[in-house]
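Fold and contact review
These are the residues of each chain, in order.
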Amino acid sequence: MIYKVSILLLLLLATDVIGQEKPNIVFILADDLGWSDTELFGTTTFYKTPNINKLASKGMLFTQAYTPSPVCSPTRASIVTGQYFSRFGITNARCHLPEARLQALIDTTIRMDRKAKEVVMATRLDTTHYILPEFLNDNGYTTGHFGKWHLGLPPYNAIHQGFDMAVPKSPEGAITQGYLAPWPALEKEGFTTAEGVHIEDRMAQEARSFIIKNQDRPFFLNYWAFSIHSPWSGKKELTENYALKVDPLSPQRNPVYAAMVHSLDEAVGVVLDTLDELGLTENTLIVFTSDNGGNTWAPRRTEPEGYAHIPGTSNYPMRKGKGWHYEGGTRVPLIVSWPGHIEPGSNSNEQISSIDFYPTLIDLLQLEKPKQIAFDGISFSNTLLKGERLPERPLYGFHPHYNWGDRIPPSVWVRKGDWKLIRMFAASKNQKDSLELYNLRTDIFESSEQKVRFPEKAEQLNVLIDDFLTTTQAVYPIKNEHYQD
């Protein structure tokens, strides 16, 4: 009898050890956090991000990480599917719209002021996709989503897309009054809190509670922050503190924006501290990144008031920012940490895209790849674990929409090696596509256009763009025959 009991105990202990070996996963996605909005790359003296710095000291920091879109929803779709969003038509930040549309189409509205007919996007991520949280759930992970989803209203919200729980249940467009409570739209679903509480403080506490509750089982914590997206709301005391530090000659000088970066960093700190307190840090894989570049436009209003005339941020040395096809719109910070597996304080210049996270996590967890998914992304697990180089490949970006009063034309772009080609649809005077070629190794700011000097390189990359549009069955802008100059 004693022998049988001992065997049973050994089996239980072995099962427990195996369960513990499966790492927890924390995916932190900032909203509109630009490449120069943290202290990671030495490009700011205004913003303070000690907790994000701490995370980087424990893992690998990537200097050339990209999103395939300069706006949020498409990037989010690429993260959870491992595919380019052009395959399923989520091409803009409009998944909060009432109309549920699962396919993109060409706009048939007659307009005489635009050279191209732009795309009418899909407004929901179809639940038929086998996305990352569903895969992890099927492989023994308890899954929780916290913060912004922006891939569809019910029944396309996070709770219907593989998450065991989601807080808030339906946050699409709900934070419209500001990030300081109360939030009337969210209170309708029972999401109440004390007046004046910042949304990121609340989200961090929700994430902390999830970690505590699930500390004895493998969990996937998907913390998609609301910050730094509009509406621009900073804590009053933080805003006043940063206002005292403003350099009027610096392009980064909006104290509300700085306060929002600060609150995001504090939220990251709550997550990291909770893992430390519970002894979970060594067995937790953390990804930190952003959905697109920083917003360089002046806000419509700020909370506290008085700072709406100041541009949001600067992504320098990158050109432009959110919504643009230049580097400032799509190059973002990326940190991956996993103690004992990824060298602490390491750096990588490998070119990574948001489509790579899903296949990389599969490899790191040593799980079998789902046969029903043809990933566009590749695994960079050997870069993380062994510092290996990735094979040279093209990375693509796609935004088939006009932005900000038509100042930004619809476009597609490709980067391969040091070279980047941007194609702007019907943007030339005769409504033909316009091309811009840049060498990012010598011109990271994209100030010196090179297609006249290197026409063969431009043509090679343009063929790759054709292939991308065809392979992903993208719906893209066409010439508008009604246009009048």
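You'll find the structure just up there.
These numbers were taken from a predicted model, which means no experiment stands behind them. (Residues numbered from 1 in each chain as written. Predicted model: local features only at pLDDT ≥ 70, side-chain atom pairs only at ≥ 80, totals over all residues. Heavy atoms only, no water.)

In this structure the tally under the stated criterion is 29 aromatic pairs. Look at Tyr 47 and Tyr 257: their rings are 5.6 Å apart centre to centre, the planes differ by 40 degrees, and that puts the pair in the tilted class. Residue Tyr 47 is found in the loop between strand 1 (24-30) and helix 2 (50-57), and its partner Tyr 257 is found in helix 8 (residues 255-277); the two are separated by 210 residues along the sequence. In this pair, the class of Tyr 47 matches that of Tyr 257, namely buried. Here Tyr 316 and Phe 445 contribute two aromatic rings whose centre-to-centre distance is 5.9 Å and whose plane-to-plane angle is 55 degrees, an arrangement assigned as tilted. Here the residue Tyr 316 occupies a position in the loop between strand 11 (302-303) and helix 9 (327-330), and Phe 445 occupies one in the loop between strand 17 (434-439) and helix 12 (455-471), the gap between them amounting to 129 residues. Ring-pair connections join several aromatic residues into one group, and the members of that group are Phe 46, Tyr 47, Trp 232, Tyr 242 and Tyr 257. A cation over a ring is seen here: Arg 202 above Phe 191, with NZ or CZ 4.0 Å from the ring centre. Over the aromatic face of Tyr 326 sits the side chain of Arg 319, whose NZ or CZ is 3.9 Å from the ring centroid. (Phe/Tyr/Trp six-rings, centres within 6.5 Å; stacked < 30°, edge-to-face > 60°. Helix = DSSP H or I, 4+ residues; strand = E, 2+ residues; numbered from the N terminus. Buried < 20%, exposed > 50% of the residue type's maximum accessible area, 1.4 Å probe, protein only. Lys NZ or Arg CZ within 6 Å of the ring centre and 35° of its normal.)

Looking now at the sheet that holds strand 7 (residues 165-167). As summarised here, the arrangement of the 8 strands in space is 7-6-8-1-10-12-2-13, forming an open sheet in which the pairing is mixed. Because the sheet does not close on itself, it has two edges, and the strands there are strand 7 and strand 13 (346-353). Geometrically, the sheet is characterised by an average inter-axis angle of 15 degrees between neighbouring strands, direction not taken into account. Where strand 2 (residues 60-66) lies against strand 13, 6 bridges are found, and the strand directions are parallel. By the bridge assignment for strand 13, Leu 61 is matched with Asn 347. (Pairing = 2+ DSSP bridges. Axes fitted to C-alpha atoms, helices over the stretch in contact; angles between N-to-C directions.)

Any functional reading would require information beyond the geometric quantities listed.
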